[in-house]
Every structure is written in C-alpha cells, then in structure tokens.
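Spelled out from the first residue to the last, the chains are:
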Amino acid sequence: MKALIHFPFVLLIIGLFIGSPSSYGIPAFSKKESLNCSSCHSALPALNGYGRNYKLSGYRINEPTRPTRPAPRGGNTIDPASVFPISAGIILRPYDKKGSGVAKNRVVHEVELMIAGTIAENISGFLELEAEDEDDFEIFATVAQGTYSVNSAINIQFSRAPTFYFDPFNSYTSSRRSTINRNAVIDQSFGGADNGANLRSKRQNLTAFGRIENFFYGLSYSGVANDNEGKDADTFVTRLAYEFSPTLMLGGMMVNGNCSRESGGGGNGGPCFLADREYSRMAVDAQWTVLNDSLTLNAVYMSADDDLVDGIGEESNDAFYIQGFYNFLKDGEVFISPVIRYDNYEVNNGMYEVDAWTFGVSNFIQENIKLRAEYSDRRGEGPVSDDDRFTLQVDAYF
C-alpha cells in the first residue's frame, strides 16, 4: 500500500526530468491566436505584460504588438473563425495531506469549463463553470462577466466574480496564483464584517476600468461577499497601479463597504444580523520581473478594519505576503518553475500573529499540463493552530 501512496510522487520526479514543453492540444485563446501559452503567461496561469494587454483589450490582439514567436503548429494555419472559444480543465490531486488530518486521495479534484471571447465589436465575455469534490461535484458558475470596451482607457464590466477579477495584475487574484495555497491577503476574513468572507469571494460588481499609458485604474460598485443578489449593495472598490517600466509595477487598492441587516449578511444568524457593520481593506503592492523575465516577485501589505458584531467598536488586523517564482526554460519555453512565499497576518485585533511558508515546484510537461508539488508550514497563535500540508497536483487545460 505504501508503494501506491508514493506512486504519484515518483511520476512527478520522472516528469521533472523527461517532460517536454512541446504542446499538442492547447486552450482556445492560444489556438485561436496561433500563439504559445507563454506569449501571455509568465508561468501559467500568471499573466505577463502581453497577457495583461490582451485581457484589457477584451481578448483582442493589436497586430503591431503581436509576439513574433511562432506557435508549435508544424506550419499549419488555423482559421480563427473556426475556433469556438471554449476550453476545459481538470485538476487531479492524488495526494493531499494536512498535519492535522488524514491523507486524501482526491484523484479528480476539480473540473472546469470556460467560454470566453468577443461577442460583438466592442463586447466581450467570460463564463466559467466549475465542479469540485468538496461540493459533491455540483456545478457552479464561478465567474460570469460581460465587458463593453470603448477603448483601452474606458471599459465597463458587469460581473459576478471575485472582488479584483477585473485587475490584470496578479497581486489580489486567486485564479492566477502560482501556488495551491492562497495568500493570506485574499484568503482571510479578518474581523468578518464583509459577510464573514474574504477578497477572493464572489460578489456582484459593476466596474469601470482601463489603462491610460502606464497607469491602470479600476472602480467598482459591489455588494457584500457571497451575496448572489447584491442586496442593499454598499461596497466600493478602488484599484490603482502604475508601471514604471515593463518589469516594475507599484500600486494600491481600497475596499470600503457596509454589511447591513438588509444585505446578504443580515439573515438570521448571519455576520450582520445584530447590527450594520462597516469594513475596509487598504493595501499597497508591487510586482517586479527581473533576470530576463525569469524571476517574478510580488509583495502586498494590507490593513483590514471591521466593525465588531454588535456594531460598537472596531477590530484592526494587518497582513502581508512576499512571493517569488523563477522560470527555468527548455527550448525557449517554461519547463520548471519553483515558487516560495511568506505570509504573515494578525487575528483578534492584532492580539495574535500567524506566520506561514509555502514552497512549491511546477513541471510543465506540456505548456498546458503541469505537475505540481507543494509544502506549506503554518505557525499560529491563539485560535490559529500550527499545521502543515503536502500536496501533489496535476493541472491540465485543453
């Protein structure tokens, strides 16, 4: 039995040495645009500068800026009109073990279906359906959005999506993270006034965003987290970022909201059942790419303020993370990408402090298939206990 348990690890080690980044079946955008995945991703799924522009352009390519690297098509020409903009993904997690729990054989952990692209001349959309093992494989629409693009400086987006779905940078997003574990800034609920949820939770959003030369902005009017109907919406999101060069970005964000008794969090026993509760999140972030775009560094520092459950008094907690991943290339494509991240966050009005380290490595056996191994170690205080986790995972998209 032990040999079977460790078999996925053996496969991972073999893949690290014999895997090839040559691709055969790749997602719809890559196929439609006749480009490698690495044209838009520094290490899938994290976006590079070209990928950010593609996202901000409503999934359209400005031909003068098209990357010159050819896609591995063997010289075949693909008619973009013949490519239906649909992709699917499957995430396998054959071994997942927390120190506080039992080992899990989550061979099929998650399946995804994504439809995205241009709908009309100035309109684009994205729909993602997802089913996970922890939800008994019930199908949920995790992201649904439509965007009207006047130009690169003015885009109007209607979405049910995570708070910073519109953001082309990687600082506050869960879908483009480089680790299996999520960083503390987007994963913690802190004082819980945002309907007991966090920044990666879905909400109803009306967003204006765009890029003016090197300056990016985003403004959202939203409901509380996980309120599918956006009742008594009173959350405002601001995102600003400036690219000093193609490799250096500095930015910040602010979230201010109110979880009222009439909102989705005001139901019987909900986080805002006893009183209206205000909350705010303020952060600064940086993204820096060096060593010929091989090393990407991200850092975020955030302060979170939440009204207490009875609406009298306030709780304040800080959080930050620093992350770096390095891309080793083979034949010009990403082959192996190790990642390391340090998280630190406070709980109970700064009374307790939690530290966590995450170490991972991804092997791209094809540009759309990667094998991942990750270990995380958490040191907690007060209500947060020490724990660690080791996970083996395979991500495949086609």
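Throughout this description, residue numbers start from 1 for each chain and increase along the sequence as written. Where local features are concerned, this predicted model is filtered to residues with pLDDT of at least 70; where side-chain atom pairs are given and counted, the filter is 80 or more; whole-chain, interface and lining totals use all residues. As a convention, hydrogens and water are excluded, and side-chain values are obtained from all of the structure's heavy atoms.

Draft legend 1. The environment of S201, seen in detail. Checked against the element boundaries, S201 lands in the loop between α5 (184-187) and β8 (202-212). C-alpha separation for the pair S201 and S174, spaced 27 residues apart in sequence, amounts to 9.4 Å. Those residues within four positions of S201 in sequence are excluded, and the remaining contacts are A161, P162, T163, A225 and N226. Throughout this description, a polar contact denotes any pair of N or O atoms lying within 3.5 Å of each other; where both atoms belong to protein, one of them has to be capable of donating a hydrogen while the other can accept it, and for residues adjacent in sequence the pair is counted only when both atoms sit in side chains. Of the polar contacts made by the side chain of S201, one reaches the side chain of N198; its length is 2.7 Å. Numbered from the N terminus, helices here are DSSP runs of H or I no shorter than four residues, and strands are runs of E no shorter than two. Whether two residues touch is decided by their heavy atoms; if any such pair falls within 4.5 Å, the residues are in contact.

Draft legend 2. Just the nonpolar core, in detail. To form a nonpolar core, buried Ala, Val, Leu, Ile, Met, Phe, Trp, Tyr and Cys residues must be joined to one another through side-chain atoms within 4.5 Å. Three labels apply to residues, based on accessible area from a 1.4 Å probe with only protein chains included: buried if under 20% of the type maximum, exposed if over 50%, partly exposed otherwise in between. Core analysis: the largest hydrophobic core is formed by 31 residues, its most contacted members being F164, Y172, V185, M253 and Y345. Looking at this core, the elements with two or more residues in it are α5, β10 (235-245), β11 (248-259), β12 (277-290), β13 (295-307), β14 (314-326) and β16 (333-347). For this core, the leading source of residues is β11, giving four residues. Sequence-distant contacts of Y172, defined by excluding residues within four places in its chain, comprise F164, D167, V185, I186, R239, G252, M253, A283, V284, D285 and V300.

Draft legend 3. Spatial organisation of the pattern of salt bridges. Think of a salt bridge as a Lys or Arg side-chain nitrogen and an Asp or Glu carboxyl oxygen that are within 4 Å of each other. Evaluation of the coordinates by the stated rule reveals 17 salt bridges. Linking E134 and R106 is a salt bridge whose minimum nitrogen-to-oxygen distance equals 3.1 Å. Remark: R106 occurs in strand β4 (residues 104-120) and E134 occurs in the loop between β5 (123-132) and β6 (140-151); sequence separation between them is 28 residues. Judged by relative accessible area, E134 falls into the partly exposed class, the value being 47%.

Draft legend 4. View of the packing of aromatic side chains. Working definition: a ring pair exists when centres of Phe, Tyr or Trp rings (six-membered ring for Trp) sit within 6.5 Å. Plane angles under 30 degrees give stacked, over 60 give edge-to-face, the rest tilted. Taken as a whole and assessed by the stated rule, the structure comprises 15 aromatic pairs. With 6.2 Å between their ring centres and 75 degrees between their planes, F169 and F216 make a pair best called edge-to-face. Of this pair, F169 sits in the loop between β7 (154-162) and α5 while F216 sits in strand β9 (residues 215-222), and the two are 47 residues apart along the sequence. Take F216: its relative accessible area is 0%, and that puts it in the buried class. Relative to F216, the ring of F209 lies with its centre 6.5 Å away and its plane at 45 degrees, an arrangement referred to as tilted. Put simply, the rings of F164, F166, F169, Y172, F209 and F216 pair up and form one aromatic cluster.

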